[in-house]
Amino acid sequence: MASKGNKDESMQLQAYETIRTGIVYAKYAPGDKLQVKDLCADLGLGRTPIRESLVRLRQERLVQTVPQSGTYVSRISLESVEGARYVRENLESQISVEACARMDKNGLSELECLLLKEAKSQDMQDRRGFFDYDNLFHEKLYEIANKQQVWRWLEFISIDLQRYRWLRVQTEDLDWDSILDQHREIFHALETRDTDETHFLVSNHLHLLFSESAAVIKRFPDYFIDTPGPQNGSSKLQ
């Protein structure tokens, strides 16, 4: 039988992971006020695990507390997005070379399966599915290269990049075909064990990740800080 301490820890982790996921997928959008009582009702959990999870999320700068006002979902820093993209590009292009060297039939089969699921999500206009299979395709490269820990580190430090990428999938101007074609090209380079081509394609794919930023900002102008152009300055949350 689980101890009370373990149960409390489990509930706190459940609250933290659920709210964090909600922030990534903009269920709790940048600038939204988070009320403990509303989160309790939403998650079916007590006030203590909710409050503890908000402390942890505040430490990760995903939420911030405004005195005499409340706790709000932090807006997305474009500087953080670009920094994380830069790190991803430089690390993942090398990771992909290692994946290329370690590639086997099982790894190729798993990548091909993810590509098929990504294509099906595109056909169905399933944005969540497309986003998730896109992530899994990249994560699989780290797994094949035996660098899962690096992926976990990147997930932690690149949370604003993940949030930006989800909003990017929501924009009407996103070229789904181009993203899927780039993944297919990466797959073929891995299949032929062409390390130079793999390195180039992954680097280019991630370099272009920020190319639609103007369309994303236009679609969600209130979700970002440090955006170009004049700022309103009237928001409580910066």
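What counts and what doesn't
- Residues numbered from 1 in each chain as written.
- Predicted model: local features only at pLDDT ≥ 70, side-chain atom pairs only at ≥ 80, totals over all residues.
- Heavy atoms only, no water.
- Helix = DSSP H or I, 4+ residues; strand = E, 2+ residues; numbered from the N terminus.
- Contact = heavy atoms within 4.5 Å.
- 1 Å grid on protein atoms, 1.4 Å probe; cavity = no way out; pocket = protein on both sides within 12 Å on 5 of 7 lines; lining within 4 Å.
- Points joined across faces, edges and corners; volume = space filled by probe spheres on them.
- Nonpolar A, V, L, I, M, F, W, Y, C, P; charged D, E, K, R; others polar.
- Pairing = 2+ DSSP bridges.
- Axes fitted to C-alpha atoms, helices over the stretch in contact; angles between N-to-C directions.

S.K.: What's the story with the side chain of Gln-162 in this structure? I'm lost.
M.R.: For Gln-162, the location among the structural elements is in helix H8 (residues 159-170). Filtering out sequence-adjacent residues up to four positions away, Gln-162 remains in contact with Val-24, Phe-131 and Asn-135.

S.K.: Help me understand the environment of Arg-184, please; the structure alone is not making it clear to me.
M.R.: Relative to the helices and strands, Arg-184 resides in helix H9 (residues 176-191). C-alpha of Arg-184 to C-alpha of Arg-56: the two residues are 128 residues apart in sequence and 38 Å apart in space. Among residues more than four places away in sequence, those in contact with Arg-184 are Leu-115 and Ala-119.

S.K.: Sorry, what's going on with empty space enclosed by the protein here?
M.R.: Once rolled over the atoms, a probe with the size of a water molecule shows which space is left empty. Throughout the structure, instances matching the rule amount to two cavities of 30 Å³ or more. Each pocket or cavity is described by its volume, and for the largest cavity that value is around 50 Å³. Together, Arg-88, Trp-151, Leu-154, Glu-155, Ser-158 and Gln-162 line the largest cavity. It is helix H7 (residues 148-157) that contributes the most residues to the lining of the largest cavity, three residues altogether. Class assignment of the residues belonging to the lining of the largest cavity gives a composition of two nonpolar, two polar and two charged. Looking at the second largest cavity, its volume works out to about 30 Å³. Ile-23, Val-24, Ala-26, Pro-30, Ile-76, Arg-163, Trp-166 and Leu-167 together form the lining of the second largest cavity.

S.K.: Can you walk me through the sheet that holds strand S1 (residues 33-34) in this structure?
M.R.: Strands in a sheet are paired, the pairing made by backbone hydrogen bonds, and the direction either parallel or antiparallel. In spatial order, the strands read S1-S3-S2; together these three strands make up an open sheet with antiparallel pairing. For this open sheet the edge positions go to S1 and strand S2 (63-66), each flanked by a neighbour on one side alone. Alignment of S2 against strand S3 (residues 70-73), held across four bridges, turns out to be antiparallel. Each residue of the ladder has a partner; that of Val-66, found in S3, is Gly-70. Its contacts with the sheet put helix H3 (residues 47-59) on S1, S2 and S3, and the angle it makes with S2 is roughly 100 degrees.

None of this, on its own, says anything about what the molecule does.
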